[in-house]
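Structural characterization, general
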Amino acid sequence: MRVFWWSAPASPRAPQPATAGSVLIMANPTSGGYSARFLEKVRARLEWHGCKAEIRLTRHAGEIGEVCADPELRVRTLVVAGGDGSINEALTGFQSHPNPPQLAVIPFGTANVLALELALPRKARAIADIIRRQKTRQLHYGLANGHPFVLMASAGFDAEVVHAVPLSLKRRLGKLAYVITAIRTGFGRKETPLTITLDGDTITGKFAVASNARHYGGPFVICPGGATDPGMHMLVLERDDPWSSVLYGIALLFGRIHKARGAIVRPFSRATITAAGPVAAQIDGDPFGATPLEIQTTDRTIPVLVP
Ligand SMILES: Nc1ncnc2c1ncn2[C@@H]1O[C@H](COP(=O)(O)OP(=O)(O)OP(=O)(O)O)[C@@H](O)[C@H]1O
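Conventions used here
Per-chain numbering applies: the sequence of each chain, read as written, is numbered from 1 onward. The predicted nature of this model means local features are confined to residues of pLDDT at least 70 and side-chain atom pairs, given and counted, to a pLDDT of 80 or more, with totals for whole chains, interfaces and linings taken over all residues. UniProt positions are given in the numbering used here, feature names are shortened, and annotations may be inferred rather than shown by experiment. Segment limits for the domains were obtained from an automatic or database-derived domain assignment. C-beta atoms are first placed from the backbone for all residues, and any pair lying within 7 Å is then listed as a contact. Segments assigned H or I by DSSP are reported as helices when at least four residues long, segments assigned E as strands when at least two residues long, and all are numbered from the N terminus. Two strands pair under a simple rule: DSSP has to find at least two bridges between them. Between the N-to-C directions of two axes lies an angle of 0 to 180 degrees, each axis being a line fitted to C-alpha atoms and, for a helix, fitted only over the stretch in contact. With C-beta atoms placed from the backbone, the exposure class of a residue follows from how many other C-beta atoms lie within 10 Å of its own: 20 or more, buried; 12 or fewer, exposed; in between, partly exposed. As used throughout, a nonpolar core is a set of buried Ala, Val, Leu, Ile, Met, Phe, Trp, Tyr and Cys residues joined through C-beta atoms within 7 Å of each other. The criterion for a residue being near a molecule or strand is a backbone-placed C-beta atom within 6 Å of that molecule or strand. This arc is built from the directions going out from the helix axis to the C-beta atoms.

Per an unreviewed UniProt entry, the protein is named YegS/Rv2252/BmrU family lipid kinase, and its organism is Roseibium marinum. Recorded under Cofactor (unreviewed entry), the UniProt text for the protein is reproduced unchanged: "Mg(2+)".

In structure tokens form, the structure reads like this:
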């Protein structure tokens, strides 16, 4: 068996001394599309250019957040090799770090919407060159019940699917697992009306997503502006019965969701999403409990490496 040199990663509780200017790659080996070979190519290219790079594989959920919150973490660039959930962990960890490093992304993950948002390349060499060149943009993010999110926070049908999708199915089938779970969930569920307040205005709907990004669920555009622009938009759908969900799904595929009947897209600074009973919620594609959600835009940013 081939043993890679990083196969025995250091404990996050006993971080190795790290030099300023160095690169730490935190890789989630359970993320969709994970490839040790790909990581090694990125590392080798960086080292070839004289850039010191260490790879650590996570051993449990939450480890990226722990490493990113650790004040002893003193690297110039923290690279997340994983999906949107892993990136959210890093962002959350950075909230507790006195001087967080800049963020870079090696896009694994089932969807990796942030990689689309930042137009990241898919080739190892090109990604290494982004890390090496150090060109940054400011990544804006919002807060949902005080928790940071970079893509979206939502309540309703999509969050129910995120809660229900079995991990084994997601690992086996990737995005198709969400489609299968959506079909299974869609026919048995009870619709719950949501009340959404947007900077004081109240609207009602069955599904609401506060989007900090242009894309949703893949390369599908749902609102203007992106994660590197300030401000957020709320998309509210009036209906979520199975037939309406299919029609909204088609509109989403064609980038026409904002024009669909019963769809509203509005910019906002502060929003709440409430319901008579708890409705499933998600942020950045991972389960996030249930309503009520209190969402706010912030003027906080972190530097992220871009092409
Ligand atoms: N070693 C690990 N074992 C189990 N879970 C992990 C491990 N490392 C990270 N995780 C968790 O896995 C979750 C999902 O990972 P990630 O987002 O990287 O991949 P994904 O689910 O395939 O992609 P996406 O979020 O784009 O759909 C993260 O929220 C993270 O907490």
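Re the domain arrangement of the protein
Each assigned domain of the protein is listed here: domain 1 (23-134) and domain 2 (147-299). Spacing between the C-alpha centres of domain 1 and domain 2 amounts to 26 Å. Contacts between the two partners involve 14 residues from domain 1 and, on the opposite side, 21 residues from domain 2. Contributions of two or more residues to the side of domain 1 that touches domain 2 are made by helix 3 (84-94) and helix 4 (113-117). With six residues, the single largest contributor to the side of domain 1 that touches domain 2 is helix 3.

Looking at the sheet that holds strand 10 (residues 207-211)
By way of backbone hydrogen bonds, the strands of a sheet pair with one another, either parallel or antiparallel. Taking strand neighbours across the sheet as the criterion, the six strands line up as 14-13-10-7-16-17 in an open arrangement whose pairing is antiparallel. Strands at the two margins of the open sheet, each flanked by one partner only, are strand 14 (263-268) and strand 17 (286-290). Looking at each pair of strands side by side, their axes are set apart by 20 degrees on average, direction ignored. Taken together, the three bridges between strand 16 (residues 280-283) and strand 17 define a ladder with antiparallel strand orientation. Directly across from Gln 282, in strand 17, lies its bridge partner Pro 287.

What about helix 3?
For helix 3, a buried count of 11 out of 11 residues is recorded, marking the element as mostly surrounded by other parts of the structure. Listed as buried for helix 3 are Asp 84, Gly 85, Ser 86, Ile 87, Asn 88, Glu 89, Ala 90, Leu 91, Thr 92, Gly 93 and Phe 94.

Thoughts on the nonpolar core
Ranked by size, the top nonpolar core spans 90 residues in total, and within it Ile 25, Met 26, Val 79 and Ala 153 carry the most contacts. Each of domain 1 (23-134) and domain 2 (147-299) contributes no fewer than three residues to this core. Other than its neighbours up to four places away in sequence, Ile 25 contacts Leu 39, Arg 43, Ala 53, Glu 54, Ile 55, Val 79, Ala 81 and Ile 106.

Section: the site of the ligand
Not every one of the 23 residues close to the ligand is listed here, only the nearest: Ser 31, Gly 82, Gly 83, Gly 85 and Gly 109. Here the element with the most residues in the shell around the ligand is helix 3; it accounts for four residues.

Focus: helix 5 (residues 124-133)
Along an α-helix, a turn takes 3.6 residues, which lines up residues three or four apart on a common side. Turning to helix 5, its buried residues are Ile 127, Ala 128, Ile 130 and Ile 131. Projected down its long axis, helix 5 shows its buried positions confined to an angular sector of 155 degrees, all on one face. In this structure, helix 5 carries Arg 125 and Arg 133 as exposed residues pointing more than 90 degrees from its buried face. Buried-residue contacts for helix 5 involve strand 1 (23-27), helix 1 (36-48), strand 3 (77-82), strand 4 (102-107) and strand 18 (293-305). Trailing helix 5 by a residue or two, Gln 134 shows a phi angle of about 65 degrees, which is positive.

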